[in-house]
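Now for the letters of each chain:
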Amino acid sequence: MKTAETVFLKRLEKHHDELRWLYMELYGNDSMFAELCDNIKQFYLERNEDLKALDLKREKKPDWYKQNDMLGMMFYIDNFAGDMKGVEARLGYIEKCNVNYIHLMPFLDTPEGRSDGGYAVSDFRKVQEKLGSMKDLENLTAACHKKGINVCMDFVMNHTSEDHEWARKARQGDGEYMSRYFFFDNWYMPSLYEKTVPQVFPTTAPGNFTWLDDAGYFVMTTFYPYQWDLNYKNPRVFNEMMYNFLYLANRGIDIIRIDAVPYIWKELNTPCRNLQQVHTIVRMMRMISEIVCPSVLLLGEVVMEPEKVVPYFGTVEKPECHMLYNVTTMATTWHTVATRDVRLLKKQLDIVNALPKDYVFLNYLRCHDDIGWGLDYGTLMTEGIEERCHKKYLNDYFQGYAGDSKSRGELYNADPVTGDARFCGTTASMCGIEKAGFEQDNEAMEKAVRLDVMLHAYMFMQSGIPVLYSGDEIGQVNDYTYKENPHKAADSRYLHRGAMNWELAENIQDSNTVEGKIFYSLDRLEKIRKKEKAFVSNADTWTIETWDQSVLCIGRYYEGEKIIGLFNFSEFDKTAWINETDGDYVELISGREMKAAGVNIPAYGFYYLKKKQQKSQ
């Protein structure tokens, strides 16, 4: 125990002064800071020996997650395998997918019908009964660690469910618990907030406050009326939420995804987004994590353009999040599919590639959420493309109404006043696999599969960690059965939250099936990525002009090795007018030698060209 205490005290000493300074800056409360330190020590002592050993191992190699062997997959536990024991039984399949990082979508206790897909937590220390127990979670994370698989979960910091114990006591008029939220007995203060705070869901949940008839108060509800915003001006809220954070880390979680990070600090006369105090809180979380559980990574959910996202990495000296989502690039990728024009995507990638190599982004094509068209409209306007019209075109395209589209999907949160709407659909359905299958059109299916695989190949070429959305590895299409469930029918995001089709997954060995073709293609790409060191996260990465608006070219270089990726976003054969005259190249999929000049690329095709090493004299 003395040795364990020594390790703890050494880590605490490293961060104590800064942690105390930031805490006192926010709260000015010595006794609450002392309580925090006492409790984090207790969480450290309670951490099991396997996790402590993992902490020590990763402390020695802090860039372990920046290598080219990281590949993620996100899924809902019930959709994927029924419950946590089911996921444990399916770890062999996850390994077959070359995945070593799984994101378990929200699994903590939530009220049926008022869960927002699991993001309205009623108990941070209880698993939904249908999914298992905390013991099942510990068993699952331990089984994953034995196979070298990391486990990620969501930590919903901004709010609790109205069914949370704190909320129930606040509703009954207990001042101690009311102070953990934002309660107002008349409309005056809420009306002042409403002047400057944007609405998240203007059509389905307008406004930022909800009137509670039984309590006689307004409460702040940025997202949905049943999600009550926590008041982080109260040090008790921060302390208790950190204890929940550490409790979950001690169950064997490797990556904590902080949900809705920019929203967690509220200040009158501001948008209540991205305030400086948010960064103070995330920085304190990072230090607490490094003291108690340094193997745990913080993943920030910041759904904004790169210049607003980047501050959440902190600085090299004072880091905040280890990883962030590359949201704008994802949306711009689908814009490129719909327009067959790579220019905006090239500019977007240039912005990301110019950022410090320490920054790690998670790259993805689809996830559990809708696609919001948060593009660089300033650049598009210079080409005569107006925002409202373009958003309508994109939504029409992916519904299958415009631009010779083969896509299928549905709108989410459509606002007839602003013309704004978000889009829902799986990767496969957006690539045309659903339509081709329904029409039994083999030629169309071949093109759709090519587009699907090309997009994954392009995603693997980006800097950072690629993440698959469960089902994408077998080309799973939209699931319209959500309309039959009264708890889901109003939320079109359930269109792409269908259950994993294990019958179709059995086809992965059959190269004549859609599932087999996609699975085999992704398997080859994943193995190339893990083998070639130019795919490490901190490699030099840049775009190359192709002189064809439909063809994107990305270069990667690391320790003498160079790879060029070429991606044709058009349904027609194209030529990339690149002229890399620095030697001969080998195409990594086929193995054939090629010149990296005037490269002909088939419709929706791609190439990975690796520069041949010069033989030493």
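The rules behind each value
- Residues numbered from 1 in each chain as written.
- Predicted model: local features only at pLDDT ≥ 70, side-chain atom pairs only at ≥ 80, totals over all residues.
- Heavy atoms only, no water.
- Axes fitted to C-alpha atoms, helices over the stretch in contact; angles between N-to-C directions.
- Helix = DSSP H or I, 4+ residues; strand = E, 2+ residues; numbered from the N terminus.
- Parallel < 35°, antiparallel > 145°, perpendicular 65-115°, else oblique.
- Left-handed = near helix turned anticlockwise from the far one by under 90°.
- Contact = heavy atoms within 4.5 Å.
- Nonpolar A, V, L, I, M, F, W, Y, C, P; charged D, E, K, R; others polar.
- Pairing = 2+ DSSP bridges.
- Expected span 1.5 Å × (residues − 1).
- Buried < 20%, exposed > 50% of the residue type's maximum accessible area, 1.4 Å probe, protein only.
- Salt bridge = Lys/Arg side-chain N within 4 Å of Asp/Glu carboxyl O.
- Polar contact = N/O pair within 3.5 Å; in protein donor to acceptor, adjacent residues only side chain to side chain.

Enquirer: Summarise the packing of helix α14 (residues 327-339) against helix α15 (residues 343-353); cite the residues concerned and give the values.
Expert: At a closest axis distance of 9 Å, the pairing of α14 and α15 adopts a crossing angle of 160°. Here α14 lies roughly antiparallel to α15, going by the angle between them. Two packed elements cross with a definite hand, and for α14 against α15 that hand is left-handed. When α14 is examined against α15, the residues Thr328, Thr329, Thr332, Thr333, His335 and Thr336 are found in contact with a partner set consisting of Leu344, Leu345, Gln348, Leu349 and Val352. Along the lines of polarity and charge, the residues of the contact of α14 with α15 split into four nonpolar, seven polar and no charged.

Enquirer: Just give me the short version of the environment of valine 551, but keep the residues and values in it.
Expert: For valine 551, the position within the fold is in strand β19 (residues 551-558). Valine 551 sits 54 residues away from glycine 605 along the chain, and the two C-alpha atoms are 9.7 Å apart. The residues touching valine 551, leaving out its near neighbours within four places in the chain, are Val342, Thr546, Leu566, Phe567, Asn568, Lys574, Ala576 and Ile601.

Enquirer: An account of the sheet that holds strand β9 (residues 217-220) is needed here, citing residue identities and associated values.
Expert: Spatially, three strands are ordered β7-β9-β8 in an open sheet, and the strand pairing comes out antiparallel. The outermost strands of the open sheet, each flanked by one partner alone, are β7 (183-184) and β8 (209-212).

Enquirer: Give a description of α14 that names residues and reports values.
Expert: The terminal C-alpha atoms of α14 lie 19 Å apart, and with 13 residues this matches the ideal 18 Å at 1.5 Å per residue to within 8%. When you tally the buried positions in α14, you get twelve out of 13 residues, the bulk of the element. Listed as buried for α14 are Val327, Thr328, Thr329, Met330, Ala331, Thr332, Thr333, Trp334, His335, Thr336, Val337 and Ala338. Immediately downstream of α14, the backbone of arginine 340 shows phi near 55°, a positive value.

Enquirer: Residues and numbers for the pattern of salt bridges, please.
Expert: In total, this model carries 53 salt bridges according to the counting rule given. As a salt-bridge pair, aspartate 254 and arginine 58 come within 3.3 Å of each other at their nearest N and O atoms. Within this pair, whereas aspartate 254 is found in the loop between α11 (235-249) and β11 (255-259), its partner arginine 58 is found in helix α3 (residues 49-60), the two being separated by 196 residues in sequence. Just as aspartate 254 is buried, arginine 58 falls in that class too. Sharing partners across several salt bridges, the network here consists of Arg114, Glu162, Asp163, Arg171 and Asp214.

Enquirer: Which residues make up the side chain of aspartate 259, and what are the values?
Expert: The topology assignment puts aspartate 259 in strand β11. Overall, aspartate 259 belongs to the buried group, its relative accessible area being 7%. A distance of 3.2 Å separates polar atoms of two side chains, one belonging to aspartate 259 and the other to arginine 257. Excluding its chain neighbours within four sequence positions, the residues that come into contact with aspartate 259 are Tyr119, Phe155, Val156, Met157, His159 and Glu301.

Fair warning: the whole summary comes from geometry, so function is off the table for now.
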